[in-house]
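Spelled out, the chains give:
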Amino acid sequence: MSSEWKSFREKGRIVERIFTQKHLTNAVESNNFQDYNEHWDVQGDLDGRTLKFDVKGLKKTNRWDANTQDNNAWVEGTNVHGRPGWIKGKADYIVFERNDYWLVVNREELFKFIWSQLESRGFPKGKEIYHIYDRSRWGKKDKITLVPYTDIEKLKDIKKLNK
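Residues numbered from 1 in each chain as written. Predicted model: local features only at pLDDT ≥ 70, side-chain atom pairs only at ≥ 80, totals over all residues. Heavy atoms only, no water.

Caption draft 1: Summary view of the pattern of salt bridges. The final tally for this structure, using the stated rule, is 12 salt bridges. Note that E29 and R17 form a salt bridge whose closest N and O atoms lie 2.8 Å from each other. Pair noted here: E29 is in strand β1 (residues 25-29) and R17 is in helix α1 (residues 3-23), with a separation of 12 residues, a long-range link. Among the residues examined, R17 registers a relative accessible area of 39% and is labelled partly exposed. In this structure, D54 engages K56 in a salt bridge whose closest nitrogen and oxygen atoms are separated by 3.2 Å. (Salt bridge = Lys/Arg side-chain N within 4 Å of Asp/Glu carboxyl O. Helix = DSSP H or I, 4+ residues; strand = E, 2+ residues; numbered from the N terminus. Buried < 20%, exposed > 50% of the residue type's maximum accessible area, 1.4 Å probe, protein only.)

Set out below in structure tokens:
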């Protein structure tokens, strides 16, 4: 594991723990298999239900950007190894860190919404909203889509939680 990946992973675990400590009870962290293959970070109780969550920290639009942004989410359809990405995982909810709150979104509803957006546009390729972006020229097999938070927040099964 490269030192860059290890650092990225450690930062991710910190974000996961902050969310977990504030909002979940009876929490259990995923093991490496569950994290990488089933795409969930923590299982715990929220609002009387035991659920699995995949927690996403703030992201940059471009890797080389100096700062993170809070306008759009990168959604992973296929991971860098060419396997199903986190939107197709076993998490019940995706938790997006926002600047001022946590946005908890039903994973299945989000997947169906993004698929319909891509399908209605003819699955365009590129680094724009509702386009499929890949990094195959750098030897990566991932396919990701940029989705505005304003659209995600219109979904039915979402919840905003205090940071």
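After that view, the rundown keeps rolling.
Caption draft 2: Geometry of unusual backbone geometry. Positive phi values are uncommon outside glycine, yet H39 reaches one of about 60 degrees. Mapped onto the elements, H39 comes out in the loop between α2 (32-38) and β2 (42-46). For H39, a relative accessible area of 8% translates into the label buried. Positive phi, normally seen in glycine, also occurs at D47, with a value near 55 degrees. Locating D47 in the fold gives a position in the loop between β2 and β3 (49-56).

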